[in-house]
Amino acid sequence: MTGDNAEYGKQWRKGMDLALEEINGAGGVKGRSLQYVFEDTQSDPKQTSAVAQKFAADSRIVAVIGNFSSPASMAASPIYQREGLVQLGITNSHPDFTKTGEYIWSNSSNQKDDAPYLATLGRN
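Cut-offs applied
Residues numbered from 1 in each chain as written. Predicted model: local features only at pLDDT ≥ 70, side-chain atom pairs only at ≥ 80, totals over all residues. Heavy atoms only, no water. Helix = DSSP H or I, 4+ residues; strand = E, 2+ residues; numbered from the N terminus. Buried < 20%, exposed > 50% of the residue type's maximum accessible area, 1.4 Å probe, protein only. Contact = heavy atoms within 4.5 Å. Lys, Arg positive; Asp, Glu negative; His and termini not counted. Charge placed at Lys NZ, Arg CZ, Asp CG, Glu CD. Core = buried A, V, L, I, M, F, W, Y, C linked by side-chain atoms within 4.5 Å. Expected span 1.5 Å × (residues − 1). Arc of directions from axis to C-beta. Polar contact = N/O pair within 3.5 Å; in protein donor to acceptor, adjacent residues only side chain to side chain. Pairing = 2+ DSSP bridges. Axes fitted to C-alpha atoms, helices over the stretch in contact; angles between N-to-C directions. Patch = residues over 30% accessible without salt bridge, like charges linked within 9 Å, V, L, I, M, F, W, Y side chains within 5 Å. Areas by Shrake-Rupley, 256 points an atom, 1.4 Å probe, with all protein chains shown as cover. Salt bridge = Lys/Arg side-chain N within 4 Å of Asp/Glu carboxyl O.

Engineer: Explain the overall build of the chain to me, please; I cannot follow it from the model alone.
Structural biologist: For the chain, the count of helices and strands is four helices and three strands. Taken from the N to the C terminus, the helices and strands of the chain come in the order α-α-β-α-β-β-α. Principal axes of the C-alpha set define a box for the chain whose edges measure 55 × 30 × 30 Å. Within the span of the chain, comprising 124 residues, buried residues form 26% of the whole. Considering only intrachain contacts with a sequence separation of at least 6, the fraction spanning at least 24 residues in the chain is 36%. For the chain, the distance from the average site of its 12 positive side-chain charges to the average site of its 14 negative ones is 2 Å.

See below:
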């Protein structure tokens with residue numbers, strides 16, 4: 001919500017609000033409403049680690065989406081892995097992001113795979 005990537009956080013929050021409204025309006029998941037906790041880390045690895053510790057200590061939190069930047073997400077990944085919290089990095093493209101363990105996921109293609117392809121586009 002603040003810092004260099006604030007616009008992404010604002011858009012993510014709007015999207016999350018819309019998704020929760022739709023899911024909970026349809027009865028939730030197995031009859032239970034969903035909630036989320038949104039923390040502003042400014043994509044700072046130090047802040048992200050502190051938030052990860054906070055989330056790991058909260059038994060209500062079962063999964064994490066984010067952080068926006070790969071370095072910030074990767075600072076938190078060992079904490080989530082150790083605690084068994086799923087971390088989904090929807091914009092994390094660093095090739096090593098998912099190597100922390102089986103609880104760390106990304107639906108984004110990684111830079112190692114994309115860079116050679118993108119380099120050929122400039123030559124065509």
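Engineer: Please clarify how the nonpolar core should be interpreted in this entry.
Structural biologist: Nonpolar side chains tend toward joint burial in soluble globular proteins. Core analysis: the biggest nonpolar cluster contains eleven residues, these being Val-51, Ala-52, Phe-55, Ile-61, Val-64, Ala-76, Ile-79, Tyr-80, Leu-85, Phe-97 and Ile-104. Going through the elements one at a time, α2 (45–56) and α3 (70–83) are the ones with two or more residues in this core.

Engineer: Whenever I open this one, α2 confuses me. Can you help?
Structural biologist: Each full turn of the α-helix corresponds to 3.6 residues, which orients residues three or four apart in the same direction. Spanning twelve residues, α2 covers 16 Å between terminal C-alpha atoms, matching the ideal 16 Å at 1.5 Å per step. Of the positions making up α2, those classed as buried are Thr-48, Val-51, Ala-52 and Phe-55. Down the axis of α2, the buried set is contained in an arc of 105 degrees. They therefore lie on one face. In this fold, the buried residues of α2 make contact with β1 (63–65) and α3. Its side-chain oxygen 3.0 Å from the backbone nitrogen of Lys-46, Asp-44 forms the N-cap of α2.

Engineer: I tried to follow the sheet that holds strand β3 (residues 104–106) on my own but got confused; where do I start?
Structural biologist: Two modes of strand pairing occur in sheets, parallel and antiparallel, and in both the strands are linked by backbone hydrogen bonds. With respect to topology, three strands assemble into an open sheet ordered β1-β2-β3, the strand pairing being parallel. Taken across any chain shown, the strands that pair with only one partner, and hence form the sheet edges, are β1 and β3. Put simply, the sheet's adjacent strands are angled 20 degrees from each other on average, direction ignored. For β1 and strand β2 (residues 86–89), the ladder comprises three bridges, and the chain directions are parallel. In the strand pairing of β2, Ile-65 is matched with Leu-88.

Engineer: Mind showing me how you'd approach a nonpolar patch on the surface here?
Structural biologist: On the surface, Ile-23, Val-29 and Leu-34 cluster together to form a nonpolar patch covering roughly 200 Å² of accessible area. Structurally, Ile-23 can be placed in helix α1 (residues 6–25). A relative accessible area of 32% means that Ile-23 is categorised as partly exposed.

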